[in-house]
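Residue-level structural notes
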Amino acid sequence: MKIKFLSSLLILALFTVGCEEDNTPDIVINDNSVVNNTGGGGSNGNGNGTEDLFGFITEDRTLDPNITYRLAAATFVDEGATLTIPAGTVIEAEPNGVQNYIAVLRGSQIQINGTASNPVVMTSAATTPAPGDWGGLVILGQSTTNLIDPGTPDDLPTSEVGQLPYGGSIPADNSGTISYLRLEYVGGALNGTQELNGLSLYAVGSGTTINHVQVYQCSDDGIEFFGGTVNVNNPAIVDAEDDSVDWTEGYTGTITDVYVLQTLDGDSGFEMDGFNTDFQNSGGFVSIPTINNATVIGSGDNSRAFRLRAGTGGIFNNVVIQDFGRGVVVEDDTAGDITSDNIPTDLQFTDVSFTGVSEEFLYEDDFANASPPSQADVIGGDAGNATGTDIDTWGAGWTLGIN
């Protein structure tokens, strides 16, 4: 669904549909909306103050790392405002599923300034936390998405949950900085088409800096890119119940040093679409990002490490794939946007090693391709050169479930 930009007091009440049905469990959502620039006060009895975080942040605000923040309801950084979160800040979300999330709206910014020794942590307030306790972090930018028709550039798409407008024509749009952030027990769905991920990036621009982010135990996708041009360095996704990395809508950024570990009942390590097949490729371009240095570890079942479909491209360099039923799966599933047509210029794997993978390469064709691609067409280089990413070095001290 597409709408023109609505005021912040209206967008909370609306919800829309999005990506293809998957195995994400349904979570009921309720709506709360207030303006909150200062938070409420209190004490947790151990000398540290506590404050509630909820509603709209309409002016610049800096959190206090000596205070534990309780995410009581959905929280929105409004257009023109900046939310700054210093190193060591902890935000504990009430375990109300996708009712609780933080959204950085189009034209606003977030500055998360964690460090390796003192990351910012966004987690569940539950006594026994579990995936899906809260909805995660949503960033909405003004970069490109192929849901926008060039003939009607002001007709903006909206997010799956909250119906929040995103996208535009500013590839270098800046939504702020995220550094050393851990998102725990996140994600969920209203149904099979309205979902929140650990980190949802809607048309986020290349002026945004994102590095050293972990999504730990997520009920949906770990990180999903809905178009955009943002580059992400050192993401770690552990125990996503759906896909660990997902992209669609013409994403064209670069992901460097990515670590995926799927030990729960996950789907694909990477699930990749050229455009959102629930709608159409209005912009006339597809996703062609670059992935450098990836380690993708599964649980030895019949899931896929890399699933490429809906006309997507992708350049993959230095990849380690371990313990999956299927390694690289190329699907020609949409007329007019044929995934295999990108081979080899815009779809190529170089230096890939397989360990414990039952079927290294699989081609699935809905259109009776007379010249189906082979593994050698898609995967080149030397497997002996594949080292993946050095998670033991850059993930030390601030991640969970790895070191």
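Here the structure is shown first, and the text comes after it.
Described in the following lines is the structure provided in the data block.

Considering all chains together, one arrives at 14 aromatic pairs under this definition. Taking 5.0 Å as the distance between ring centres and 20 degrees as the angle between the ring planes, the aromatic pair formed by Phe56 and Phe76 counts as stacked. With Phe56 in strand S2 (residues 50–57) and Phe76 in strand S4 (residues 68–77), this pair connects stretches of sequence that are 20 residues apart. Phe76 carries the same exposure label as Phe56, and that label is buried. Between the aromatic rings of Phe306 and Phe316, the centroid separation amounts to 5.5 Å while the plane-to-plane angle is 80 degrees, which identifies the pairing as edge-to-face. A residue pair is termed long-range when its members are at least 10 positions apart, and Phe306 in strand S23 (residues 304–309) and Phe316 in strand S24 (residues 314–322) qualify at 10 residues. Residue Phe316 is classed as buried on the basis of its relative accessible area of 0%. Counting every residue linked through ring pairs, the aromatic cluster contains Phe225, Trp247, Tyr251, Phe270, Phe306, Phe316 and Phe349.

With that settled, consider the nonpolar core. One recurring pattern in soluble globular proteins: nonpolar side chains tend to sit buried together. One finds Leu137 and Phe306 to be the most contacted residues of the largest nonpolar core, which totals 68 residues. Filtering out sequence-adjacent residues up to four positions away, Leu137 remains in contact with Ile102, Val104, Ile110, Ile112, Ile178, Leu181, Leu183, Gly198, Leu199 and Ser200. Ala103, Leu105, Leu164 and Ala203 belong to the second largest nonpolar core, which has 18 residues in total.

What follows is about unusual backbone geometry. In this structure, Pro344 follows Ile343 across a cis peptide bond, with omega equal to -5 degrees. When you line up the elements, Pro344 lands in the loop between strand S25 (326–332) and strand S26 (347–355). Unlike most non-glycine residues, Gln217 shows phi in positive territory, near 55 degrees. In this fold, Gln217 is placed in strand S16 (residues 209–218). Even without glycine at this site, Ala310 takes up a positive phi of about 50 degrees. Of note, Ala310 is situated in the loop between S23 and S24. Residue classification places Ala310 among the buried positions, given a relative accessible area of 0%.

The rules behind the values
- Residues numbered from 1 in each chain as written.
- Predicted model: local features only at pLDDT ≥ 70, side-chain atom pairs only at ≥ 80, totals over all residues.
- Heavy atoms only, no water.
- Phe/Tyr/Trp six-rings, centres within 6.5 Å; stacked < 30°, edge-to-face > 60°.
- Helix = DSSP H or I, 4+ residues; strand = E, 2+ residues; numbered from the N terminus.
- Buried < 20%, exposed > 50% of the residue type's maximum accessible area, 1.4 Å probe, protein only.
- Core = buried A, V, L, I, M, F, W, Y, C linked by side-chain atoms within 4.5 Å.
- Contact = heavy atoms within 4.5 Å.

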